[in-house]
Amino acid sequence: MPILLDPTQSAYELQPYKELTSDILTERIQRVRAALGRRLLILGHHYQQDEVIALADLRGDSYQLSELAAAEAKCRAIAFCGVHFMAETADILANRPEQVERRGGQRVTVILPDMKAGCSMADMAAIEQVEDCWEQLAEAINVEEVMPVTYVNSAASLKAFCGRHGGIVCTSSNARAVLEWSLQRRRRVLFFPDQHLGRNTALKMGIPLGEMPVWDPRKSELGGNDRQAILSSRVILWKGHCSVHQMFLPQHVAQFREKYPGIKILVHPECMMEVVEQADVIGSTNRIIQAVEQAPPGSQWAIGTELHLVQRLKHEHPEQEIHFLSPMVCMCATMYRIDLPHLCWALENLAAGTPVNVVRVDEETASFALESLRRMLEVK
Ligand code: 13P
Ligand code: SF4
């Protein structure tokens with residue numbers, strides 16, 4: 001399977017696509033969809049820009065997109081309009097051994113229209129840092145008592161690390177169920193890479209802040225903690241965050257509450273604790289959409305999540321009053337890299353039999369990562 005790695009080549013090939021109008025690009029993408037029929041599945045995350053999400057066969061939050069990829073039996077290619085870790089997860093789940101066998105040995109090709117569509121939070125935990133953390137923990141405590149839990153926003157190597165150590169993956173929609181599952185089996189959890197999702201979830205379960213030390217991978221000794229802090233820990237939080245959600249601040253909530261008494265604050269659990277504590281509804285992108293869809297006309301919302309999703313909700317629900325929680329432009333710049341020129345270029349190459357930007361996780365990593373993903377899909 002050819003994998004395009006040379007960015008100068010892609011820049012060169014992309015240039016003509018960038019000169020086309022959105023209408024022409026959309027028409028050409030529709031032509032590829034018609035030609036490939038059910039062999040092609042376009043998956044889109046809720047943060048994608050409107051003209052891209054309009055072309056997705058299915059859209060969802062990270063959990064739903066994982067389930068969709070796992071269930072996929074008919075298609076031969078998935079174009080993932082999301083970020084790199086999502087495409088990796090789709091590759092692992094769509095190509096698990098029993099699915100490949102069911103397809104008579106055929107794999108699903110997963111493509112990410114722009115390889116630079118990464119996730120800055122996922123980049124905050126490298127496998128070497130997590131392994132170093134684990135070794136240090138093993139010197140301080142019994143690591144058999146520690147459940148490694150990785151947020152799905154992480155590289156496949158971290159999911160494989162969890163798979164190797166009996167650990168599990170979570171998403172923003174099942175983090176509580178996964179933490180409960182973990183703490184029923186082991187005394188402590190090492191949660192990476194998002195400290196906020198870990199903290200917000202554990203607090204809701206009644207775990208006090210004093211039992212949640214933060215592990216800073218840049219600090220050499222026990223991530224900046226003394227041994228006592230690790231000994232009394234229930235959830236060790238990795239010092240990582242989402243650069244988009246960290247821009248929602250408690251004063252933004254206060255400003256909205258003052259200006260619009262009765263307004264409902266709706267935020268993603270990647271926001272900091274001080275924001276989440278004051279929110280009325282907290283949930284994954286899908287939960288946010290559901291809350292708005294189910295609300296009566298005239299409801300007022302201030303929403304703290306990525307800008308494209310909030311703008312779409314605003315547009316689709318004129319019967320409600322929807323505000324963006326921050327005065328800043330909080331958009332996921334990497335998700336935004338997936339645009340019509342990249343999608344059209346990637347799909348036309350796929351149709352021509354010369355797929356570009358193929359995301360394929362190596363076999364060993366995929367098989368261990370699958371263990372932690374399977375555990376997640378089994379937790380209800
Ligand atoms: P969801 O799983 O809620 O869609 O979140 C994904 C994400 O990257 C949020 O920043
Ligand atoms: Fe990553 Fe944040 Fe973008 Fe989500 S919004 S993909 S966590 S950088």
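Structure: see above.
We now turn to the structure provided with this report.

What counts as what
Residues numbered from 1 in each chain as written. Chains lettered and ligands numbered in written order. Predicted model: local features only at pLDDT ≥ 70, side-chain atom pairs only at ≥ 80, totals over all residues. Heavy atoms only, no water. Pairing = 2+ DSSP bridges. Helix = DSSP H or I, 4+ residues; strand = E, 2+ residues; numbered from the N terminus. Contact = heavy atoms within 4.5 Å. Axes fitted to C-alpha atoms, helices over the stretch in contact; angles between N-to-C directions. Parallel < 35°, antiparallel > 145°, perpendicular 65-115°, else oblique. Nonpolar A, V, L, I, M, F, W, Y, C, P; charged D, E, K, R; others polar. Near = heavy atom within 4 Å. Polar contact = N/O pair within 3.5 Å; in protein donor to acceptor, adjacent residues only side chain to side chain. Buried < 20%, exposed > 50% of the residue type's maximum accessible area, 1.4 Å probe, protein only. Salt bridge = Lys/Arg side-chain N within 4 Å of Asp/Glu carboxyl O. Phe/Tyr/Trp six-rings, centres within 6.5 Å; stacked < 30°, edge-to-face > 60°. Lys NZ or Arg CZ within 6 Å of the ring centre and 35° of its normal. Core = buried A, V, L, I, M, F, W, Y, C linked by side-chain atoms within 4.5 Å.

Turning our eyes to something else, we now look at the sheet that holds strand 13 (residues 321–324). Taking strand neighbours across the sheet as the criterion, the 4 strands line up as 11-10-12-13 in an open arrangement whose pairing is parallel. Each edge of the open sheet carries a strand with a single partner, namely strand 11 (281–282) and strand 13. Note that strand 10 (residues 264–267) and strand 11 share 2 bridges and pair parallel. Directly across from Val267, in strand 11, lies its bridge partner Ile282. Contacts from helix 12 (residues 250–259) reach strand 10, strand 12 (300–304) and strand 13, with the element oriented near 155° to strand 10.

The next point concerns the packing of helix 9 (residues 175–185) against helix 10 (residues 195–204). Axis separation between helix 9 and helix 10 bottoms out at 10 Å; the angle between their running directions is 70°. On the basis of the axis angle, helix 9 is roughly perpendicular to helix 10. In this structure, helix 9 uses Ala175, Arg176 and Leu179 to contact helix 10, whose residues at the interface are Leu197, Gly198, Thr201, Ala202 and Lys204. Looking at the contact of helix 9 with helix 10, its residues break down into 4 nonpolar, 2 polar and 2 charged.

Taken together, His45, Tyr47, Asp61, Ser62, Asn153, Ser172, His245, His268, Glu270, Ser284 and Thr285 are the residues near ligand 1. A distance of 3.1 Å separates an oxygen atom of ligand 1 from a polar side-chain atom of Asn153. Among the residues making up the shell around ligand 1, the classes are represented as 1 nonpolar, 8 polar and 2 charged.

Once that is clear, we can look at the pairing of strand 9 (residues 235–238). Going residue by residue along strand 9, you find Val235 and Leu237 tucked away on one face and Ile236 and Trp238 tucked away on the opposite face as well. Of the strand pairs in this sheet, strand 7 (residues 188–192) and strand 9 are connected by 3 bridges, and their pairing is parallel. Residue pairing across strands places Leu190 opposite Ile236, the latter belonging to strand 9. The sheet contact formed by strand 8 (residues 214–215) and strand 9 spans 2 bridges and is parallel. Opposite Trp215, over in strand 9, you have Trp238 as the bridge partner.

Bringing unusual backbone geometry into the picture now. In this chain, Phe192 is followed by Pro193 through a cis amide linkage whose omega measures -10°. Among the structural elements, Pro193 can be located in the loop between strand 7 and helix 10. In this model, Leu222 sits at a positive phi of 45°, which is unusual for a non-glycine residue. Mapped onto the elements of the fold, Leu222 is located in the loop between strand 8 and helix 11 (227–231). The exposure class assigned to Leu222 is buried, which follows from its relative accessible area of 12%.

What follows covers the site of ligand 2. Around ligand 2 sit Tyr47, Cys119, Ser120, Met121, Asn153, Cys242, Val244, Glu270 and Cys332, and that is every residue in its neighbourhood. Within the shell around ligand 2, the residues separate by chemical class into 6 nonpolar, 2 polar and 1 charged.

The element strand 1 (residues 40–45) is extensively covered by neighbouring structure, given that 6 of its 6 residues are classed as buried. Alternating positions in strand 1 separate into two faces, Leu40, Ile42 and Gly44 on one and Leu41, Leu43 and His45 on the other, with burial throughout. Sheet topology places strand 1 next to strand 3 (residues 77–81); 5 bridges connect them, and they run parallel. If you follow Leu41 over to strand 3, its bridge partner there is Ile78.

Any two side chains of opposite charge can pair, so long as their charged atoms come close to each other. The tally for this structure, following the rule as stated, stands at 16 salt bridges. In this structure, the salt-bridge partner of Arg31 is Glu27, at a minimum N-O distance of 3.2 Å. On the criterion of helical spacing, the pair formed by Arg31 and Glu27 is a turn pair, its members being 4 residues apart in helix 2 (residues 22–36). Residue class for Glu27 comes out partly exposed when judged on its relative accessible area of 48%. Here Glu348 and Arg28 are joined by a salt bridge, their closest N and O atoms 2.8 Å apart. One end of the pair, Glu348, is in helix 16 (residues 340–351); the other, Arg28, is in helix 2, with 320 residues separating them in the sequence. Judged by its relative accessible area of 24%, Arg28 is partly exposed.

On to the packing of aromatic side chains, then. Geometry of an aromatic ring pair is reported as the spacing of the ring centres plus the angle between the planes. Taken as a whole and assessed by the stated rule, the structure comprises 5 aromatic pairs. Taking 5.9 Å as the distance between ring centres and 25° as the angle between the ring planes, the aromatic pair formed by Phe256 and Tyr260 counts as stacked. Both residues of the pair, Phe256 and Tyr260, count as buried. Put simply, the rings of Trp134, Phe161, Phe192 and Trp238 touch in pairs and so form one group of aromatic residues. Stacked on the ring of Phe368, the Lys or Arg Arg164 has its end atom at 4.3 Å from the ring centre.

Among the nonpolar cores identified, the biggest contains 114 residues, and Ile78 and Leu347 are the most heavily contacted of them. Look past the residues within four positions of Leu347 in its chain and what remains in contact with it is Ile29, Val32, Leu40, Ile42, Ala79 and Ile111.

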